[in-house]
Amino acid sequence: MAERRPGAPPGAAGGRKATRQAKPLEQRLPSVLSFLEGTRVVVETRSDIVIKGTLESCDERMNLFLTDAESEHLPTGRRERLSQCCVKDRLIRLVVLPAAFDPVKHLLEVQEHHKRNQEVASRRRRLMTRKQLKIREREQDKGSRASSSHPK
């Protein structure tokens, strides 16, 4: 039996990483940030740079693309104007959301939209299955009529 590493969670065998399940799309932060496209946001990076700009887009890895931005290096106070910038996901420490933005409300909207899409897809699958069954029945009827009209 493999021994557990010190500090490892119970059930974790030596050297093996526990697998993390990916969160559903509607529960990820990038889906919330996509609602903020076109609004001003403040992004603080791990290297103590604060960037204020208009969120142009956010991809699934949470890379942020900003326009009309201004960056400020906190330790030195140096400021810089940027027409466009990309903040990589691994550099983001925090994103300050606008005061009027309610992330819970938007998450619920995304979840409801996702649920409706799943229901529509399920209905389409059932309709396709029914169509396929009807086609098979017609083919079988044609086949049985053809075999009954030709006695052996």
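Note that the structure is a prediction, hence the values are computed from the model and not measured.

Engineer: How would you summarise the overall build of the protein chain if you had to cite specific residues and measurements?
Structural biologist: A tally of regular secondary structure across the protein chain gives two helices and five strands. Along the chain direction, N to C, the helices and strands of the protein chain fall in the order α-β-β-β-β-β-α. Expressed as a percentage of the 152 residues in the protein chain, the buried residues total 22%. In the protein chain, of all internal contacts separated by at least 6 residues, the share reaching a separation of at least 24 is 41%. Split by element, the accessible area of the protein chain, about 12100 Å² in all, is 52% carbon and sulfur.

Engineer: Outline the pairing of strand 3 (residues 64-73), supporting the account with residue identities and numerical values.
Structural biologist: Sheet analysis places strand 2 (residues 49-58) next to strand 3, joined by eight bridges and oriented antiparallel. From the neighbouring strand, Thr54 faces strand 3, where its bridge partner is Thr67. With nine bridges connecting them, strand 3 and strand 4 (residues 78-87) associate as antiparallel partners. Following the sheet pairing, Thr67 is matched in strand 4 by Gln84.

Engineer: Break down the pattern of salt bridges for me, with residues and values.
Structural biologist: As a working rule, side chains carrying opposite charge can pair if their charged atoms are close by. Under the definition given, this model contains eight salt bridges. Between Arg79 and Glu70 there is a salt bridge, with its nearest N and O atoms 2.7 Å apart. Relative accessible area serves as the criterion here: at 26%, Glu70 is assigned to the partly exposed category. With its nearest N and O atoms 4.0 Å apart, the salt bridge here joins Glu112 to Arg116. Placement of both Glu112 and Arg116 in helix 2 (residues 103-149) is noted, with a separation of four residues, approximately one turn of the helix. Beyond isolated ion pairs, a larger network of salt bridges with shared partners links Glu70, Glu72, Arg79 and Arg81.

Engineer: So, the pairing of strand 2: which residues are in play, and what are the values?
Structural biologist: Across five bridges, strand 1 (residues 40-45) lies against strand 2 in antiparallel orientation. Within strand 2, the position partnered with Glu44 by the bridge is Val50. Between the end of strand 1 and the start of strand 2, which pair antiparallel, lie three residues, with Asp48 showing a positive phi angle near 60°. Linking two consecutive strands that pair antiparallel, namely strand 2 and strand 3, is a turn of five residues; a positive phi of about 75° is found at Met62 within it.

Engineer: Explain the side chain of Asn63 residue by residue, including any values.
Structural biologist: Structurally, Asn63 is set in the loop between strand 2 and strand 3. Of the polar contacts made by the side chain of Asn63, one reaches the backbone nitrogen of Asp89; its length is 2.8 Å. With sequence-adjacent residues up to four places away left out, Asn63 is seen in contact with Ser57, Cys58, Val87, Lys88 and Asp89.

Conventions we followed
- Residues numbered from 1 in each chain as written.
- Predicted model: local features only at pLDDT ≥ 70, side-chain atom pairs only at ≥ 80, totals over all residues.
- Heavy atoms only, no water.
- Helix = DSSP H or I, 4+ residues; strand = E, 2+ residues; numbered from the N terminus.
- Buried < 20%, exposed > 50% of the residue type's maximum accessible area, 1.4 Å probe, protein only.
- Contact = heavy atoms within 4.5 Å.
- Areas by Shrake-Rupley, 256 points an atom, 1.4 Å probe, with all protein chains shown as cover.
- Pairing = 2+ DSSP bridges.
- Salt bridge = Lys/Arg side-chain N within 4 Å of Asp/Glu carboxyl O.
- Polar contact = N/O pair within 3.5 Å; in protein donor to acceptor, adjacent residues only side chain to side chain.

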